[in-house]
Amino acid sequence: MRHKPKSHRKLALFGASVAIGALALSGCGNQKGQGNAEADSGSSGDGDVTIALLLPESKTTRYESLDKPNFEKYVAEANPDAKVEYRNANQDATQQQQQFEAAVTEGVDAIVLDPVDASAVSSALSKAQAKKIPVISYDRFFEGADYYTSFDNKKIGNLQGQAVLDGLEDEGTDPTSGPVWMVNGDPKDPNAADFKAGAEETLEDAGVDIAASHDTLDWNPDDARQWVEGQLQGDGEEPIAIYAANDGTAGGVIAAVNKAKVDTVITGQDAEVDGLQNILKGDQYATIYKSIPPQAEFAANAAVALAAGEDVDGGTTYKDTPTDFVEAEVVTKDTVKDIVGDQIKAEDICTGSVKELCDDAGVK
Ligand code: GAL
């Protein structure tokens, strides 16, 4: 559902902070509980805006350490009077539905949702739409949002599949010479399906035998570890590579293959500290670096604009939803040094025995 703009002024999301801030302070604030209804002429116009940020879990470090603080920062830049109400669902879809409905009942001015279970949002979404509260789909897509920002997740899967091929090539292994296993993400997460589809496409195009595939419930590293341990105890051929959909599941895979003393190419995603340390140790071949600040900035500017009753157009559309995608990149041992900066700090990675590995890899 698109909100009828008060003006047809399109806000190019980057660099619109000042415009949005001025707009929000100029009497375009919303009546509480009316979400994005036409503000009446008497509205306070005090920029009194409340935006709910609902994130899925806290095991993957990005949400608490990157998504939340960056979102709050960019909302404050776009509208200093706006308030962010934050909730983390701790991977519990029921709890997140309650958080979503509470925000609707409160009558917040916009909701930014990264769903634990994208198939379970329609009921609360309908209630938000009935109150004309704009909803943004953050990182994980769901139908009916007013705006979506993420990474091109199928393309990330392609990058991960290519990383498997590159890792095999680096060690001189023919990618068709043995089985490859896939440890995918949580089936409730639409991104996991896209990662899986992209990786399968790239691996199958290269003639790879995907001999076994597992969907990791709740992205739980222990679930990944137990599945791989079970597979290795079977009498099947050892894998030449194991695709892991993120660094958390890669950690579970690494624990299993190290216990069984099996040497295999392993991928990941999120450039988490553990993942980057595993890459420097040689246990993991690659991860995917996703710069979170731009994603959070897109969402923050869109939320402030929609809360102010503005129409928001993304750089593209995805399933008929205005969308902005952020680029992602593969990181291997040779390029860890290139992504260390403010989002990822060398002092967090280069601890204990990894310190020497950082020196060798030029990470500082
Ligand atoms: C995905 C997200 C990944 C990773 C994963 C685990 O939806 O795109 O970056 O965080 O969830 O939570």
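Here goes a summary of the coordinates provided.

Procedures and definitions
- Per chain, the residues get numbers from 1 upward, laid out in the order the sequence is written.
- The predicted nature of this model means local features are confined to residues of pLDDT at least 70 and side-chain atom pairs, given and counted, to a pLDDT of 80 or more, with totals for whole chains, interfaces and linings taken over all residues.
- Think of the side-chain values as coming from all heavy atoms in the structure, minus any hydrogens and water.
- Nonpolar cores were defined as sets of buried Ala, Val, Leu, Ile, Met, Phe, Trp, Tyr and Cys residues, with membership established by side-chain atoms within 4.5 Å.
- Buried, partly exposed and exposed residues are distinguished by accessible area as a fraction of the type maximum, computed with a 1.4 Å probe on protein chains only: under 20%, between the cut-offs, and over 50%, respectively.
- Numbering goes from the N terminus for both helices and strands, where a helix is a DSSP run of H or I of at least four residues and a strand is a run of E of at least two.
- Only heavy atoms enter the contact rule, under which two residues are in contact if any of them lie within 4.5 Å.
- Think of it like this: strands point away, you trace from the first strand over the helix to the second, and a clockwise trace means the crossover is right-handed.
- Working definition: rings of Phe, Tyr and Trp (its six-membered ring) pair if their centres are within 6.5 Å, and the pair is stacked with planes under 30 degrees apart, edge-to-face with planes over 60 apart, and tilted otherwise.
- Two strands qualify as a pair provided DSSP detects at least 2 bridges between them.
- To obtain each axis, a line is fitted to C-alpha atoms, and for helices this fit is confined to the stretch in contact; angles are then taken between N-to-C directions over 0 to 180 degrees.

**As for the nonpolar core**
- Counting 50 residues, the largest nonpolar core has Ile51, Phe71 and Val112 as its most contacted members.
- Counting residues per element, this core draws most heavily on helix α10 (residues 292-307), at eleven residues.
- Excluding residues within four positions of it along the chain, Ile51 makes contact with Phe71, Val75, Lys83, Val84, Glu85, Ala110, Val112, Ala303 and Val304.

**Examining the pairing of strand β1 (residues 50-55)**
- Across the six residues of β1, six count as buried, placing the element largely inside the fold.
- Both faces of β1 are covered, namely the face carrying Thr50, Ala52 and Leu54 and the face carrying Ile51, Leu53 and Leu55.
- Taking the sense of rotation as the criterion, the β-α-β connection linking β1, helix α2 (residues 62-78) and strand β2 (residues 83-88) turns out right-handed.

**Concerning the packing of aromatic side chains**
- Throughout the structure, instances matching the rule amount to seven aromatic pairs.
- With 6.1 Å between their ring centres and 85° between their planes, Tyr148 and Phe325 make a pair best called edge-to-face. Placement of the pair is Tyr148 in strand β5 (residues 147-151) and Phe325 in strand β12 (residues 321-326), with a sequence separation of 177 residues.
- Assessed through its relative accessible area of 30%, Phe325 is described here as partly exposed.

**Considering the sheet that holds strand β6 (residues 179-184)**
- Within the open sheet, the four strands sit side by side as β7-β6-β8-β9. Their pairing is parallel. A single partner strand is all that each edge strand has here, and the edge strands are β7 (209-215) and β9 (265-266).
- Relative to β9, strand β8 (residues 241-244) is paired through two bridges, and the arrangement is parallel. Bridged to Ile242 within β9 is Ile266.
- Its contacts with the sheet place helix α7 (residues 221-233) against β6, β7 and β8, and it is angled at close to 155° to β6.
- Each of β6, β8 and β9 is contacted by helix α8 (residues 247-259), which is oriented at about 155° to β8, the strand it contacts most.

**A short note on unusual backbone geometry**
- Backbone geometry places Trp219, a non-glycine residue, at a positive phi of 60°.
- By secondary structure assignment, the location of Trp219 is in the loop between β7 and α7.
- A positive phi is found at Asp320, a non-glycine position, where the angle reads about 65°.
- Within the secondary structure, Asp320 is located in the loop between β11 (316-318) and β12.

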